[in-house]
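Residue strings, one per chain:
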Amino acid sequence: MTTDGYRPIILLLGPPGAGKGTQARFLHDKLAVPHIASGDLLRAHRRRGTALGNAAQAYMDRGELVPDQLVVDMVMDRLERADTVRGAFLDGFPRTLSQAQVADQLLAARRSVVRVALYLEVPTEVLVERIAGRWLCPSCQATYPSHSSAPPGNGRCVACGDQLYQRADDRPEVVQNRIDVYLRETLPVIEHYARRDLLVRVDGNRSIEAVRTTLCSNLGGVVRGLRHNHWHVYFSDQFRADDGRSDWRGRTLCGRHVDSRSSRERGSEDDFRAHPCRRCQLELRARQGPIPDAPVLPTAQPQHT
Ligand code: AP5
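Residues numbered from 1 in each chain as written. Predicted model: local features only at pLDDT ≥ 70, side-chain atom pairs only at ≥ 80, totals over all residues. Heavy atoms only, no water.

To continue, consider the overall build of the chain. What the chain contains, in helices and strands, is 10 helices and 10 strands. Expressed as a percentage of its 305 residues, the buried residues of the chain come to 48%. By sequence separation, contacts in the chain at least 24 residues apart represent 74% of the contacts at least 6 residues apart. Of the roughly 14,600 Å² of accessible surface on the chain, 51% is carried by carbon and sulfur atoms. (Helix = DSSP H or I, 4+ residues; strand = E, 2+ residues; numbered from the N terminus. Buried < 20%, exposed > 50% of the residue type's maximum accessible area, 1.4 Å probe, protein only. Contact = heavy atoms within 4.5 Å. Areas by Shrake-Rupley, 256 points an atom, 1.4 Å probe, with all protein chains shown as cover.)

This is the structure we're talking about:
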């Protein structure tokens, strides 16, 4: 629980092959909250031959989405377990606008709230290449990239020794459908969280380590509810003029909290675009409104660098 009494939910969104699972397996450990991947849950149901697994099978094999109600019930059921008391890291859910809207209501009824939606952006051609070379461990779900049609290494999971396999829905013709479905059904979900100022766009077309660093820097304090008061803050004069909202207009943050309020810089939009934070070199976040539980700072005095 955070200081406001709400259980924090972190979303990891992105197209098939964007690296959600790869990053989530590391981040949930760091945050000490469970990683709940709707795709992993569905595959586990299929392996156990449950009614849900059998119902989901045909949809998954075609690269279609499993019906909303089945998935929402499955994820909410998982969130009832005791290990989620401090929060949860949801990977691949919600996937449709309807799932997002229902989830918002059901989460609120469970004193839970989405704190941030991390969105991994990767070009389509890179997604196709990554998925074609992906091998997985059926036991621990670890993924291994391969640049040939053969499995990497000796074909066994380094962590648990199990035989690696390729997912049936990773066949090229199914992958294309998964990407089409993503563009049609899931992009509105991205917009849904952007409208609520919860979306953080992350360039996922970089090394696994670089993506991880950016994700970590955007998660500071989210789970513990200790969002710090002070950030490296950048102001855009142009955006100030464009946006009718009050105190937060024009602010862009880097991911790091800092000790003093003096870490502010002001300039034109171009001064900030494509620059890392000049103080700590982290990536600047997209322009945004208030972080939900951050205190509103007084209006900044102009400060040129
Ligand atoms: P799901 O299992 O969720 O699949 P997905 O969203 O299509 O995503 P993937 O698991 O394919 O990719 P990923 O982003 O996790 O990438 P990964 O880290 O493995 O869903 C499967 C099916 O279940 C759906 O089609 C649907 O039928 C059903 N379903 C699931 N959720 C649903 C929902 N909410 N509603 C309805 N139906 C639902 O990485 C991919 C590869 O790239 C790996 O080899 C990895 O090593 C490599 N890699 C990762 N990052 C990098 C990097 N930075 N650089 C280079 N290589 C990288």
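Having seen the model, we can carry on.
Moving on, we get to the site of the ligand. Lining the immediate environment of the ligand, one finds 32 residues, of which Thr22, Ser38, Glu64, Arg134 and Arg178 sit closest. Within the side chain of Ser38, an N or O atom sits 2.7 Å from a nitrogen atom of the ligand. Secondary-structure elements contributing two or more residues to the shell around the ligand are helix 1 (20-31), helix 2 (38-48) and strand 6 (143-145). Broken down by element, the shell around the ligand gets its largest block of residues, four residues, from helix 2. Each residue belonging to the shell around the ligand can be placed in one class, and the counts come to 11 nonpolar, 11 polar and 10 charged. (Near = heavy atom within 4 Å. Polar contact = N/O pair within 3.5 Å; in protein donor to acceptor, adjacent residues only side chain to side chain. Nonpolar A, V, L, I, M, F, W, Y, C, P; charged D, E, K, R; others polar.)

Further remarks concern the packing of helix 2 against helix 3 (residues 51-62). Packing of helix 2 against helix 3 brings their axes to within 8 Å, and their N-to-C directions diverge by 120°. When the axes of helix 2 and helix 3 are compared, the pair comes out oblique. Like other packed secondary-structure pairs, helix 2 and helix 3 cross with a definite hand, here left-handed. Contacts between helix 2 and helix 3 involve Gly39, Leu42, Arg43, His45 and Arg46 on the former and, on the latter, Leu52, Gly53, Ala56, Gln57, Met60 and Asp61. A breakdown of the residues in the contact of helix 2 with helix 3 according to their chemical character gives four nonpolar, four polar and three charged. (Axes fitted to C-alpha atoms, helices over the stretch in contact; angles between N-to-C directions. Parallel < 35°, antiparallel > 145°, perpendicular 65-115°, else oblique. Left-handed = near helix turned anticlockwise from the far one by under 90°.)

When you line up the elements, Glu173 lands in helix 7 (residues 172-195). A sequence separation of 111 residues divides Glu173 from Arg62, and the C-alpha atoms of the two residues are 9.0 Å apart.

We now examine unusual backbone geometry. Cis geometry marks the peptide bond from Phe93 to Pro94, where omega comes out at 0°. Non-glycine residue Arg111 carries a positive phi angle of around 45°. With a relative accessible area of 43%, Arg111 lands in the partly exposed category. For Asp197, which is not glycine, the phi dihedral falls at a positive 60°. Inspection of the secondary structure puts Asp197 in the loop between helix 7 and strand 7 (199-203).

Looking now at the confidence of the model for the chain. On average, the chain scores 79 in pLDDT, and the residues at 70 or more come to 70%. Put simply, helix 9 (residues 237-242) is where the chain has its lowest mean pLDDT, 47, and helix 4 (residues 68-78) is where it has its highest, 97. Considering only residues more than four positions removed or in separate chains, one finds that residues 223-230, a stretch of pLDDT under 50, has 27 contacts. In the model, residues 288-305 has pLDDT below 50 throughout and makes 45 contacts with residues more than four positions away in sequence or in other chains. (pLDDT = per-residue confidence, 0-100.)

Our focus in this paragraph is the packing of helix 5 (residues 97-109) against helix 7. Think of two packed helices as two axes; the pair is described by the angle between the axes and how far apart they sit. At their nearest, the axes of helix 5 and helix 7 sit 8 Å apart, and the two run at 40° to each other. Relative to helix 7, the element helix 5 is oriented oblique. Residues Leu97, Ala100, Gln101 and Asp104 of helix 5 form the contact with helix 7, whose participating residues are Glu185, Pro188, Val189, His192 and Tyr193. For the contact of helix 5 with helix 7, the residue count by class is five nonpolar, two polar and two charged.

One face of the sheet, then the other: side chains in a regular strand alternate in exactly this way. Within strand 4 (residues 112-121), eight of the 10 residues are buried, leaving the element largely enclosed by the surrounding structure. As judged from the seven bridges shared by strand 1 (residues 7-13) and strand 4, these two strands associate in the parallel manner. Counterpart to Ile10 in the pairing with strand 4 is Val116. Pairing geometry for strand 4 and strand 7, over five bridges, is parallel. (Pairing = 2+ DSSP bridges.)

We now examine the packing of aromatic side chains. According to the stated counting rule, one finds zero aromatic pairs in the structure shown. For Arg111, the ring lying beneath its charged end belongs to Tyr6, and the centroid distance is 4.4 Å. (Phe/Tyr/Trp six-rings, centres within 6.5 Å; stacked < 30°, edge-to-face > 60°. Lys NZ or Arg CZ within 6 Å of the ring centre and 35° of its normal.)

On to the pattern of salt bridges, then. Within the structure shown, the criterion is met by 13 salt bridges. Salt-bridge contacts for Arg25 lead to Asp40; the nearest nitrogen and oxygen are separated by 3.8 Å. Of this pair, Arg25 sits in helix 1 while Asp40 is found in helix 2, placing the two residues 15 residues apart along the sequence. Salt-bridge contacts for Asp40 lead to Arg43; the nearest nitrogen and oxygen are separated by 2.8 Å. Of this pair, Asp40 and Arg43 both sit in helix 2, three residues apart, roughly one helical turn. Given the relative accessible area of 15%, Arg43 is considered buried. (Salt bridge = Lys/Arg side-chain N within 4 Å of Asp/Glu carboxyl O.)

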